[in-house]
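Next come the chains, spelled out residue by residue.
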Amino acid sequence: MDTATLAAGAEHGEAAPGPRPRSRLLAVVPGTAAAAVTVGTLLAYGTPPATIGLFAAYVAFGLTLPGTLLWRALARLPSPPAVDLAAGTALGYALEILLYLVARAVGHPGLILLGPPAVIAVFLAHPRLRRHWRTATELRIPVRAAAAMAAVFCFLVVSSGLTFFGGHGLRWPENGNPYVDMPFHLGLVGELRNHLPPTTPHVLGEPLSYHWFVYADMAATSWATGIEAQTLLYRLAVLPMIAISVVLIPAVAFMITGTWRAGVLGLLITYFAGPLDPYPWTGTDFPGGPPNISLAWLSPTQTFGAALFAAFTLPVVALLGRRAPGKSIFVPVVVLLAALAGAKATYLPLLAAGLCLLAAVEWTRSRRLDRTLVALGLLTLVTLAFAQLVLFGGASQGLRVSPFSTAVRFVMRFVPGSGTGDLGFAPVVLSLVFLLGWAALWAGAFGRRAAPGSGPDRALTLFLGIGLGGVAAMTVLGHPGMSQMYFLAAARPYLSIAAAAGILAALAAVPRRSRVRVVCVCGAIGGAVALLVAAVRPESPPGLSALGGPALVTVFVLPVIVPCAVVGAALCLLWRLRWRRAAVLLLLAGLSAPSVAQSVVAGLTYKVPVQAMEIPAEGVAAARWLRDHSGADDVVATNAHCRFTVSGSCDNRHFWISGYTERRVLVEGWGYTARTLASVTDVDREPMGAVPFWDAELLAANDAVFTAPTARAVDLLARRYGVRWLMVDRRRPPTAPDLGEFARLRYVEGPFAVYSIVS
C-alpha cells in the first residue's frame, strides 16, 4: 500500500506494528470464526466433509499460496496479511484461468496441477524470492475492523444457506427445481470442461458471446479435484470470491483514507444500505437497493468479476497515488485486467468511464495528463476492444440504448394493463426519483475533498466516475433480462467507499466530544423521516388510468417531497455551522436505516423464486449415464426444448440436459443466445423466453426423429450434424414408440430413454 497512507493509519491507531502475543491471538479469531461458520453451513446443507476439505486444499495451495507469492513479488505493496491473501487469491484465479486455457487447448486439462507447484518451487529455490513467504510489514487489520468484516462474511454465508442452498440441493428432489439460470451455468461449466474455444452447448455450433471465465475456473477446479460441477456451482466455487470482496473493499477504502473505519462503513453500505423506498407496494426492490445475497450464486459471473476488480483497484489506487513501488506493479494490473475481460463485461466500460472523468478533471486543473493515467486508459481501451471483438464476437447480448427502460419495467410490474398502454411521463418522473434516491444514498461521494490532485482525491474521482457510469447505464440502457442492473451493482462498492470517505471527512469538522451525539441525533431524524414517508405513501398501486395528472404527483412524487423538504429545512437551519455538511450527510444516511433492517430480514427469509418441478430424478440419472458412456465430442439430440410453465407456453430456457450430460446438444433450448436476444425488438415488453427458434428446418429435422422416426431421418442427424446419441423425454408427447428400430436402446429410467445411433 501507499507508504504515506499506511503511516497515516498507524498515527490514528488503525494499524500498529509489533502486535503483542495476546493481540496475535485475537487477530486470528475473526478468520477462524468465519471458517467455522462456513464449514458448519456447508455441512448443514449436505456438502460432504471430504469435498469441503478437498476444495479448501485446492484453493489454499492451487490459488492462494502461489497467487500471494506472486502478488508480493510483483505488486510490492506492504499490506496486512489478510489483504495479501485476498489479493493473491484473486491473482491466483486470473493465472489459473490463463493456464487452464492453455492446458485445455492442448488437450490435457490435468496440466493445471503443474502450475502451482512450479511457482512454489521457484519461490523456495530462489534466494531473493524467499523473503516473500513472509509479509513485508508488521501492520495488521485492527481486531474490531477484522471482526466486523468477519461478521459480514458470516452473515453472507448463512444467508446463502437460507436463501439459496435450501432450494438448490446436491441430490433430488432439492436439485430438481432450480432457478432458471442455474442449469445454464451448469451447461457452460461442462462446455469448458471439454472444449476450447467454447460454444453454446445447448445449440450446436452457436457462438458463445458471453463472459465465460468463471466457468473456466470451475472446470479447472473440477479437473484438479474431481468435484462434481454441480457441487462447485451450488455450494463451493463462489465462497472464496465473496471472501475476496469482503476483505478488499475495506482494504481499498483504507488505502485511500488511512482509516479502517471508512473501510468497514463502505462495506456495510455496499451490502446492507439502500435508498429510501417510497413504493413498497410494488412487490419489487427499489433499483440500487441492497444486493440480494442469493445473487452471488445466481450470477457467478458478477461475483467473480467483483472479486477480480476489487483486487485490480489495489495497484490502481497505488499508481494514482504516484507512490508505486516499481514498474513490476503493472504485471498484476495487466493480468487482472485480462481476466476481467472475460469475467464480467460490465467492469471494463465502468473503468473507462472512471478514467475519463479523472482525465477530464486533471486536464481542467493542470492542462496535462500524467503517463500513468494515460497508460491505464490505453490498457483499458485495448482490453475492452479485445473483449468485445474477440471474446464476445461483437455481439451486444441484447443490451441496447433504451432510455428510462429500468423505470418502464418498474412501472409495468405494478400498474395493471401497462404492458400495452401508454405510460406517459411516469417513466421519466420515476427515473428522476431513482436518481434522487441514489444521490441520497451515496451523497458522501459528491462532497468536498481535501488536497485536490492528491492520490486519495484521484482515487475517489475515479470511483465517482465508475459510479456515474453505472448510474448512466441504468438510466439509458435496456435489456430483455434487465441486465443493465449489473452496471450499478458493479459500481456499488466504489460509490460506497467514496460515500464513506466523504462522511468521515465531513465528520472531522465536528468537535470530537460531540461526534457521537451528532451521529445519533442526525441518524435518528433521518430514520424518523423514513417512517413518516411510510405513513403518508399510498397503500396500493395506481391503476393505468391514474398515471397522468395529479395522480402521477400523488403516487410517485409525494413520498419523495417529504424527505426532500426535511433535508432542505435542515440545511437552512444548520447553514451557519461549520459541520452542516456532516449533519446533512448523516441525515441522508439515516433515511437508509429502514433498508438496512429490511436487507437483514430479507437475507434470512428470502427464497429464490422457482416454478414447477423441472428436472426429475430419472432425468439426472439418464443424463449422467450418458456423460459417463459417451465421448467429450459426441453430440446429443433431444425432444426437450421448452421448460414447463404454469401457463403451458414454451419457455425456451431449457438447459439441464446439456448441463448434466456435459455434452453439446443439437437443439435443446435457445434462450440467452446472441441470436435470440438480438431478435427481441422491444426490450421492455417482449419476453425473451417466448422467442421461437430461428432455424425451423433444423428444428423440424431434429423433432422428426422423435415424432415420426425413419432410417432416413436418423441418418440425416448422424451424417449432417454428427449426432451420436438420442435422449428422449417421454413426458413430451408425441414420441414414437418404435424409435428402437432405428437406434440402439442403451438406457431407460422412468420417462427417459437414451439411444445410440449405430453408424
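Everything below is about the structure shown above.
Predicted model only: the values in this text are computed from it and were never measured.

**Q** Explain the environment of Ala499 to me, and be specific about the residues and the numbers.
**A** Here Ala499 lies in helix α20 (residues 485-507). What makes Ala499 buried here is its relative accessible area of 1%. Sequence spacing of Ala499 and Ala445 is 54 residues, and the spatial spacing of their C-alpha atoms is 4.1 Å. Not counting chain neighbours up to four residues away, the residues in contact with Ala499 comprise Trp442, Gly444 and Ala445.

**Q** Tell me what's going on with helix α15 (residues 347-366), and back it up with residues and numbers.
**A** Residues three or four positions apart in an α-helix share a direction because the helix packs 3.6 residues into each turn. Between its first and last C-alpha atoms α15 spans 28 Å; for 20 residues at 1.5 Å apiece the expected length is 28 Å, and the two agree. Taken together, the buried positions of α15 are Tyr347, Leu348, Leu350, Leu351, Ala352, Gly354, Leu355, Leu358, Ala359 and Glu362. In the core, the buried residues of α15 are packed alongside α13 (300-320), α14 (330-343), α16 (371-391), α19 (455-476) and α20. Immediately downstream of α15, the backbone of Arg367 shows phi near 55 degrees, a positive value.

**Q** Break down unusual backbone geometry for me, with residues and values.
**A** Cis geometry marks the peptide bond from Trp172 to Pro173; its omega dihedral reads 10 degrees. Structurally, Pro173 can be placed in the loop between α6 (143-163) and α7 (181-194). Cis rather than trans, the peptide bond between Leu196 and Pro197 has omega equal to 0 degrees. Looking at the element boundaries, Pro197 is found in the loop between α7 and α8 (213-225). A positive phi angle, near 70 degrees, is found at Tyr672, a position not held by glycine. Looking at the element boundaries, Tyr672 is found in the loop between β4 (664-665) and α27 (674-678). Judged by relative accessible area, Tyr672 falls into the buried class, the value being 16%.

**Q** Break down a nonpolar patch on the surface for me, citing the residues and quoting the values.
**A** The grouping of Leu25, Leu26, Val28, Val29 and Val143 at the surface amounts to a nonpolar patch, some 410 Å² of accessible area in total. Using a relative accessible area of 45% as the deciding quantity, one classes Val28 as partly exposed.

**Q** I'd like a rundown of the packing of helix α4 (residues 81-105) against helix α10 (residues 238-257), residues and numbers included.
**A** Interaxial distance between α4 and α10 falls to 9 Å at its minimum, and their mutual angle equals 130 degrees. Regarding the angle of α4 to α10, the classification is oblique. Of the two elements, α4 crosses α10, and the hand of that crossing is left-handed. Contact with α4, carried on its side by Ala82, Val83, Ala86, Ala87, Thr89, Ala90 and Tyr93, involves Pro240, Met241, Ile244, Val247, Leu248 and Ala251 of α10 and no other residues of that element. For the contact of α4 with α10, the per-class residue count stands at 12 nonpolar, one polar and no charged.

**Q** Before we move on, could you go through the side chain of Ser402 and cite the residues and values that matter?
**A** Positionally, Ser402 belongs in the loop between β1 (400-401) and α17 (405-414). Leave out the neighbours within four places in its chain, and Ser402 touches Thr475, Val476, Leu477, Gly478, Val683 and Asp684.

**Q** With reference to specific residues and values, describe the state of the cysteines.
**A** Here is the idea: a disulfide is a covalent bond, and it sits between the sulfur atoms of two cysteines. Tallied over the entire structure, the rule returns one disulfide. In this model Cys642 forms its disulfide with Cys650; the gap between the sulfur atoms is 1.9 Å. Measuring the twist about the S-S bond at about -75 degrees, one finds the Cys642-Cys650 disulfide to be left-handed. With no disulfide of its own, Cys522 lies closest to Cys520 among cysteine sulfurs, the gap being 9.7 Å. Cys522 gets classed as buried once you look at its relative accessible area, which sits at 11%. A disulfide-free cysteine, Cys572 has its sulfur positioned 13 Å from the sulfur of Cys564, the nearest such atom.

So, how was this worked out
- Residues numbered from 1 in each chain as written.
- Predicted model: local features only at pLDDT ≥ 70, side-chain atom pairs only at ≥ 80, totals over all residues.
- Heavy atoms only, no water.
- Helix = DSSP H or I, 4+ residues; strand = E, 2+ residues; numbered from the N terminus.
- Buried < 20%, exposed > 50% of the residue type's maximum accessible area, 1.4 Å probe, protein only.
- Contact = heavy atoms within 4.5 Å.
- Expected span 1.5 Å × (residues − 1).
- Patch = residues over 30% accessible without salt bridge, like charges linked within 9 Å, V, L, I, M, F, W, Y side chains within 5 Å.
- Areas by Shrake-Rupley, 256 points an atom, 1.4 Å probe, with all protein chains shown as cover.
- Salt bridge = Lys/Arg side-chain N within 4 Å of Asp/Glu carboxyl O.
- Axes fitted to C-alpha atoms, helices over the stretch in contact; angles between N-to-C directions.
- Parallel < 35°, antiparallel > 145°, perpendicular 65-115°, else oblique.
- Left-handed = near helix turned anticlockwise from the far one by under 90°.
- Nonpolar A, V, L, I, M, F, W, Y, C, P; charged D, E, K, R; others polar.
- Disulfide = S-S within 2.5 Å.

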